[in-house]
Amino acid sequence: MADPNSSPRPPLVTGDKTIADVTRDICAPLERGPTGLWWGALAVSCSALLLGVVAVGYQIAVGVGTWGLNKTVGWAFDITNFVFWVGIGHAGTLISAVLFLFRQKWRTAVNRSAEAMTLFAVVCAGIFPLIHMGRPWLAFWTLPYPNTRGSLWVNFKSPLLWDVFAISTYLLISAVFWYVGLIPDLATIRDRSGPGWRRRICSVLSLGWNGSARTWHRYETVYMLLAGLATPLVFSVHTIVSMDFATSVIPGWHTTIFPPYFVAGAIFSGLAMVLTLMIVARKVMRLEDYITHSHVDQMCKLMLSMGCIVGLAYGTEFFTAFYSGNGYEQFVFKNRALGPFCWAYWTMVTCNVVIPQLLWFRSVRASLPCVFALAIVVNIGMWFERFVIIVTSLHRDFLPSSWADYAPTSIEIATLLGSFGLFFSCFLIFCRFAPVIAMAEIKGAAHLGKPAAGRREAHRQEHAA
Amino acid sequence: MNDRILLATFAHEDDLLAATAAVRAAGHPIVDVFTPYAVHGLDRAMGLRPSRLTWVCFVCGMVGAVGMLVFQHWTAAISWPLNVGGKPWNSLPAHVPVAFEAAVLLAGFGSVFALLWVSRLFPGRQARLVAPRVTDDRFVLAVDASGPGIDRATLERVVGQFDSLAIEEQTPRTGGKASC
């Protein structure tokens, strides 16, 4: 095997750490008290969450009529939010599963928090179809269970039902993948903590893990299997989400480009969210040696490539519309770029295609404030992409007599803010109580157990002394 | 039952790997090795066979896919046939996505539960650690010393050249000092 220190790649962990340093540094934020900044952030996100709870409670009590929907625009804000949040989740699975299969070791710095992000984003996403049902207490009707109405079964030919299965499978598999990854780290925390609630909780959750190599051997096999399962799963989930649209006959939705277009967009938006969270977390939790500039650089390059795929898809959509010779299809795209919602369309193009081109410059990728700003811009752009796809395709359909306008109500905006509140509250709580970096993975991936000859000699002398 | 176990502690994974291979080559039975992370190549050094959990995954996945295809066929074509847009009762392509999701769900849960089952990991199990730092930064090789031909001096001769930090003896029944 090549000496890891002679490799041209930058080191995964900077600051000349030993294995024990990794444990100490990553457990440190959990062991010191919460900072004022953390309390402040939690207060803000819990307030947003509370606003969302009130809004959701109100709209369930009064009905979906509190939204700005009408007979023509039957899907708007909530489905936009649903697709947005599912998309955010996909980067987490990309980082944890796809990059694992490709043996990209830099993923170890971000995979734990990206997986947590996936989990919370999918929870946020799930809320929207649930409240859109109007009577969410009957949500179990989407499951095929024997009932006294026949049994009347669910319609397995409907993409909306595929979505139920895809999203719930995705949530469960992501949760299991995340938890399996956490077990060895929970054992590390258990063995570091003195008697008390932290040790008791970690003791139960780490399932009696003792570091046995026989268990590690099976664990690695199962981790690989889960990565192998999660990879096609993540593609299937957003493919099915796109089929909610593509299998309809609405111009602007009924197109075969949707599955790859949606998957690329999902990963693009998710990477932007990972960067947003990571740039803040590395600073606040003092993890600069673990989430290094080179990690940010790698994610920027991934984000740029995904952004270019998304840009290509925007162009292809236009080309297909005009090449199809279908007047309705052509009208939808002209209407997108020049109609009443053109501001949303051009916001989308600017945020997703034009501004991310700055990432070609090394100096931009090296500047954390620039990357942070760009990630926010992409998040906004990707939200608008879903809004543009959904609302502009619906609001002017076949018959001009049924054309209508759409504007969200305060209830819908409050629900969106509430979902952000839920997401950030969950993420902040996760940062406080779980190791944000997979210790057991980074120790192995960064070759900390096999120090270079010089350092090793020093260690030996220190030991002898 | 192992009466005596000798524990050799190391600070580096390559020392541990070399020592494990040497102990195995010398014919001494290895009880287990305890490491803070998955050390690559340790399965070969210990002579572990590839895990059969992949088969559990495959079988669970197949059960999920076939079971869900059959169930969809039964609900959509036999139990209560519903005409949806004039499509055939059993429109197989439309049944693929849900069957795929069921396959992934069962395969994932099946392999994780099988892992927990065969590794005897469950909530409430008390971890018995051979050394307190084994989940932090220490690598421990546990050798069965109950048979003839191996004692502390023999093991020291075999692993001594690999920088072992300490060699100590632990009997499983009395040596629960680090369990918690």
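Coordinates for the structure precede this section.
Residues numbered from 1 in each chain as written. Chains lettered and ligands numbered in written order. Predicted model: local features only at pLDDT ≥ 70, side-chain atom pairs only at ≥ 80, totals over all residues. Heavy atoms only, no water.

1. Topic: the overall build of chain A
Part 1 of the reasoning: Looking only at helices and strands, chain A has 16 helices and 0 strands in total.
Part 2 of the reasoning: For 465 residues, the compact-globule estimate of 2.2 N^0.38 gives 23 Å, and the C-alpha radius of gyration of chain A, at 24 Å, lies within 12% of that figure.
Part 3 of the reasoning: Its C-alpha atoms give chain A principal-axis dimensions of about 90 × 55 × 40 Å.
Part 4 of the reasoning: Buried residues in chain A amount to 58% of all 465 residues.
Part 5 of the reasoning: Relative to all contacts within chain A whose residues are 6 or more apart in sequence, the contacts with residues 24 or more apart total 81%.
Part 6 of the reasoning: A total of about 18500 Å² of accessible surface is found on chain A, and carbon and sulfur atoms cover 70% of it. (Helix = DSSP H or I, 4+ residues; strand = E, 2+ residues; numbered from the N terminus. Rg over C-alpha atoms; globule rule 2.2 N^0.38 Å. Buried < 20%, exposed > 50% of the residue type's maximum accessible area, 1.4 Å probe, protein only. Contact = heavy atoms within 4.5 Å. Areas by Shrake-Rupley, 256 points an atom, 1.4 Å probe, with all protein chains shown as cover.)

2. Quick word on unusual backbone geometry
With the exception of glycine, most residues fall at negative phi, and the peptide bonds are largely trans.
All names here are of chain A.
Part 1 of the reasoning: The step from Gly150 to Ser151 runs through a cis peptide bond, and the omega angle for that step is -5°.
Part 2 of the reasoning: Relative to the helices and strands, Ser151 resides in the loop between α4 (111-132) and α5 (159-192).
Part 3 of the reasoning: Phi is positive for Leu207, which is not a glycine, with a value near 60°.
Part 4 of the reasoning: Its place among the elements puts Leu207 in the loop between α6 (197-205) and α7 (213-246).

3. Quick notes on the nonpolar core
Part 1 of the reasoning: By size, the foremost hydrophobic cluster in this structure holds 191 residues, and its most contacted members are Trp85 of chain A together with Leu141 and Val159 of chain B.
Part 2 of the reasoning: Take this core: its biggest share by element is 17 residues, from α7 of chain A.
Part 3 of the reasoning: For Val159 of chain B, the contacting residues outside a window of four places in its chain are Ala8, Phe10, Ala19, Val23, Leu141, Ser164 and Ile167 of chain B.
Part 4 of the reasoning: With 10 residues, the next largest nonpolar core counts Ile5, Ala127, Val130 and Val134 of chain B among its residues. (Core = buried A, V, L, I, M, F, W, Y, C linked by side-chain atoms within 4.5 Å.)

4. Some words on the pairing of strand β3 (residues 139-144) of chain B
Residues and elements named next belong to chain B.
Part 1 of the reasoning: Burial within β3 is extensive, with 6 of its 6 residues counted as buried.
Part 2 of the reasoning: A two-sided burial pattern is seen for β3, the buried positions comprising Phe139, Leu141 and Val143 on one face and Val140, Ala142 and Asp144 on the other.
Part 3 of the reasoning: When strand β1 (residues 5-10) meets β3, the two strands line up antiparallel, connected through 6 bridges. Bridged to Phe10 within β3 is Phe139.
Part 4 of the reasoning: In this sheet, β3 lies alongside strand β2 (residues 30-34) in antiparallel orientation, the contact comprising 4 bridges. Counterpart to Asp32 in the pairing with β3 is Ala142. (Pairing = 2+ DSSP bridges.)

5. Concerning the sheet that holds strand β4 (residues 166-170) of chain B
Two modes of strand pairing occur in sheets, parallel and antiparallel, and in both the strands are linked by backbone hydrogen bonds.
Residues and elements named next belong to chain B.
Part 1 of the reasoning: Judged by pairing direction, the sheet is antiparallel, and its 4 strands sit side by side in the order β2-β3-β1-β4 without closing on themselves. The sheet terminates laterally at β2 and β4, the two strands that pair on one side only. Averaged over all pairs of adjacent strands, the angle between their axes in this sheet comes to 20°, without regard to strand direction.
Part 2 of the reasoning: Against the sheet, helix α1 (residues 13-25) makes contact with β1, β2 and β3, and its axis sits at roughly 10° relative to β3, the strand it touches most. (Axes fitted to C-alpha atoms, helices over the stretch in contact; angles between N-to-C directions.)

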